[in-house]
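One letter stands for each residue in the lines below.
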Protein chains: 2
Amino acid sequence: MQFQISKELIAKIEEWVQAQNSAELRLYLEELHHADIAEILEELDLDDATYVIKILNTDKTAEVLMELDEDDREKILNNLTAEEIAGELEEMDTDDAADIVAELDQNLKEEVIGHIQDEEHADNIVELLRYDEDSAGGLMAKELVKVNENWSVTGCMSEMREQAEYVTRVHSIYVVDNKDRLKGRLSLKDLLTAPSDAQISDVYIDKVDFVSVHTPGDEVARIMQKYDLEAIPVVNEMGKLVGRITIDDMVDFIKEEAERDYQMAAGISEDVESSSSIWQLTRARLPWLILALAGGFISVEVLGTFDSAMEKHGELFFFVPLIAAMAGNVGVQSSAIVLQGLANNSLRGSLLNRLLKEIGLSLLNGAVLAILLIGGGMLLLGLNFEFGLTVGVSLVSVIITASLIGTFVPIILEKQGIDPAMATGPFITTSNDICGILIYFSIAKLILGF
Amino acid sequence: MQFQISKELIAKIEEWVQAQNSAELRLYLEELHHADIAEILEELDLDDATYVIKILNTDKTAEVLMELDEDDREKILNNLTAEEIAGELEEMDTDDAADIVAELDQNLKEEVIGHIQDEEHADNIVELLRYDEDSAGGLMAKELVKVNENWSVTGCMSEMREQAEYVTRVHSIYVVDNKDRLKGRLSLKDLLTAPSDAQISDVYIDKVDFVSVHTPGDEVARIMQKYDLEAIPVVNEMGKLVGRITIDDMVDFIKEEAERDYQMAAGISEDVESSSSIWQLTRARLPWLILALAGGFISVEVLGTFDSAMEKHGELFFFVPLIAAMAGNVGVQSSAIVLQGLANNSLRGSLLNRLLKEIGLSLLNGAVLAILLIGGGMLLLGLNFEFGLTVGVSLVSVIITASLIGTFVPIILEKQGIDPAMATGPFITTSNDICGILIYFSIAKLILGF
């Protein structure tokens, strides 16, 4: 039953487009899910994709456009007139429409909004554009079903039915007072089983989770996940019900956040994909590499100050990459665990306990690795014991330092209000490389003397 | 409106527990959401937490138990008898109950299942235990609402109502034939508006997304996310409807997968948290560190073969950490992008195109970095041009190699059926360290001669 994209399918679509056979094409595509059509469009060249968008109904293409990558969507929209774009927006939920408008150039933005026929829809879109895109206000849609607490159950049925027409999935009916302030919610079941002469205020549930327009997206995600919510209402500063966030949008948000964190940890500072242009990829990757290069310069300087060791103990330099690699790996491990703890709000206990635990863990790991290093070094590389001891002691010290840096740098950044994810990957490895080398040669100087 | 855990709250709870004041405690906790109670339990010591679990109703505690960390849950369950555990399981949905049973020791497992009163519930749990926990079968619950296509609309209303009692959220009503094979679905709206003498077969929608019990979890997540599904039915090998997966379970799954990938990239091979024991943390971290140590040994050997350079060009060794760090960073960036492409199924185009693109990208990044390195090296470190050129050319070569290794190792692993996430982090950095040093000294030997 699964839709499967194939070279043959793409070839057939391209044939239809070339032959301007819009009837066949429409017949075939109307049967497909919009997400599948989006997958097809991503394989077509721009002119063909635009042709397909133009021959399909706007209620279908509006959904297709939402499924496309931002880059592909931008290209297709550039081929449409402001009026055509406005036509697409009319068919979209307000949250999707606002996302698309936000991607347009400032001039085009105003022109497109001006072409939207439904004035309320246009107002809603403009309202949503005011909020930060990663806040609840930026994530919510205006579409929802609400009833006034003072209405009678029977009286509001037709009103509700009308509202529900504009809402893809109802989830919950929200209850507001005369000033539109959120009071509670109503399940469809309660409504159906309520006596017909009852008032809404008699039957609604006054316990309802909600967020403010300014609540950050990751906090919304945490709440919806913790309480297994499929939708959450959003209120403004006055407690007025202004929108609703549904779980399918949160799933996309959670996925994007996870990808962003992952990329950040790998030293990629913009959202890029393997299909992004070389220019985009360079912009995302080069800054971190320049940071690493700067760190590299410092390590050259540090090593330079120990050049007196080269004559008597040149083999010390052979162990530099080993020491640096261990410092980098330990630091990345520690920072990853702390960052996930910070993200999940699960970091408990005092800083002192954390410090003692990290030192204990590092001593344990360090001891095992030092024994392997000294044993392996003496057996395989023929080191003498004094030299092995030097490298072993350095390794343990470097591991302790690296794990402390990896643990506490993110915690300190978080306390300073800086995104602690900045501290993963290149930043931690670079600092730990430098500290590791410094510690290593200092200990070597102490033990071996040079 | 948000529940906020605080030291005062925990102190109050502990006071009630000490005073065995079960009435107050029950009164307070019954008002709380089960996820909030779970948060409180995680702050209490084991005896206090067990006391709380014992005084609450099983319908509440069953939900609380599901919200706890696996470790905390295990400890509390160890304090309960098999009969008490069975009582909790009776109140849980089959998927949650099966997850808990799977965590028990083999002996206890059988004893607990034997104590479950509801035989059908017990059978369902045993059935779910047969499936791999990361497959659709392992993720699904048996609870769902289904109707036979041959029933009349009015005839099945009471049957449906009865089924719905055991299902937290209905989402969709599934339609099956006489052999229980999935035929389609029915929306509540369709059902309410259908003429009362209609048969189910007249009104149901025969387009329905479904997965097989053997579909891997990440594929289920991809389908549900792509088509914005809130629930998906699961069929067995004969097309029989056997269960249903809901979006809230998939949200947890997606989150866990993302955390797993993140940890894997950081060289952490088991699911650990900052609160895990030192022993668990060591088990998760040490294997990768041993791998890095082994890589370090190889780099010592490689450097050893170039020791003739030390006399004439000792400063070459000062640049080793810089070269190794750049190789590691570039490799991690490349592998992160490819891995996300593989995970999202969005890696398109031929391998040759990918190869050319990576080389182009590396040349661009490498050129910028080499110019900075040569310029900075001559100005800040006083290098001569020949030496600067050596390091610069090496840097470009190392960057190209590292990005190719980072790109193609995951692709090759994926083709071999090995989890490509294994190739991130420590593995890529270690291989790139070694290759980088080898390339660097080979080029240096060529240009400088030693």
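Residues numbered from 1 in each chain as written. Chains lettered and ligands numbered in written order. Predicted model: local features only at pLDDT ≥ 70, side-chain atom pairs only at ≥ 80, totals over all residues. Heavy atoms only, no water.

If you look chain A up in an unreviewed UniProt entry, it shows as Magnesium transporter MgtE from Mesonia sediminis. Of chain A, the UniProt comment under Sequence similarities (unreviewed entry) reads exactly: "Belongs to the SLC41A transporter family." UniProt lists a comment for chain A under the heading Subunit (unreviewed entry), and it reads "Homodimer." (UniProt positions renumbered as here; feature names shortened; annotations may be inferred.)

What follows covers the nonpolar core. One finds Leu41 and Ile245 of chain A together with Leu41 and Ile245 of chain B to be the most contacted residues of the largest nonpolar core, which totals 130 residues. Non-local contacts of Leu41 of chain B, meaning those with residues more than four positions away in its chain, are made with Ala49, Val52, Ile53, Val64, Leu68 and Ile76 of chain B. (Core = buried A, V, L, I, M, F, W, Y, C linked by side-chain atoms within 4.5 Å. Buried < 20%, exposed > 50% of the residue type's maximum accessible area, 1.4 Å probe, protein only. Contact = heavy atoms within 4.5 Å.)

In this section: the pattern of salt bridges. Under the definition given, this model contains 22 salt bridges over all chains. A salt bridge links Asp177 of chain B to Arg181 of chain B; the shortest N-O distance between them is 3.0 Å. With relative accessibility at 8%, the residue Asp177 of chain B sits in the buried group. Here Asp419 of chain B makes a salt bridge to Arg260 of chain B, at a shortest N to O gap of 3.7 Å. Taken together, the residues Asp419 of chain B in the loop between α21 (385–415) and α22 (426–448) and Arg260 of chain B in helix α16 (residues 247–265) connect sequence positions 159 residues apart. Look at Asp419 of chain B and you get partly exposed, because its relative accessible area is 32%. Of the residues examined, Arg260 of chain B reaches a relative accessible area of 36% and is grouped as partly exposed. Ionic contacts of the salt-bridge type, sharing partners, join the residues Glu257, Arg260, Asp261 and Asp419 of chain A into one network. (Salt bridge = Lys/Arg side-chain N within 4 Å of Asp/Glu carboxyl O. Helix = DSSP H or I, 4+ residues; strand = E, 2+ residues; numbered from the N terminus.)

Turning our attention to the packing of aromatic side chains. Scanning the model with the defined rule gives 12 aromatic pairs over all chains in all. A centroid spacing of 5.1 Å and a plane angle of 20 degrees characterise the contact between Phe306 of chain A and Phe441 of chain A, whose relative ring orientation is stacked. Of the two residues, Phe306 of chain A sits in the loop between α17 (278–305) and α18 (309–313) while Phe441 of chain A sits in helix α22 (residues 426–448), which places them 135 residues apart along the sequence. Measuring from ring centre to ring centre gives 5.0 Å for Phe317 of chain B and Phe441 of chain B, while their planes differ by 50 degrees; the resulting arrangement is tilted. Taken together, the residues span a long stretch of sequence, with Phe317 of chain B in the loop between α18 (309–313) and α19 (320–343) and Phe441 of chain B in helix α22 at a distance of 124 residues. The class of Phe317 of chain B is buried, set by a relative accessible area of 1%. (Phe/Tyr/Trp six-rings, centres within 6.5 Å; stacked < 30°, edge-to-face > 60°.)

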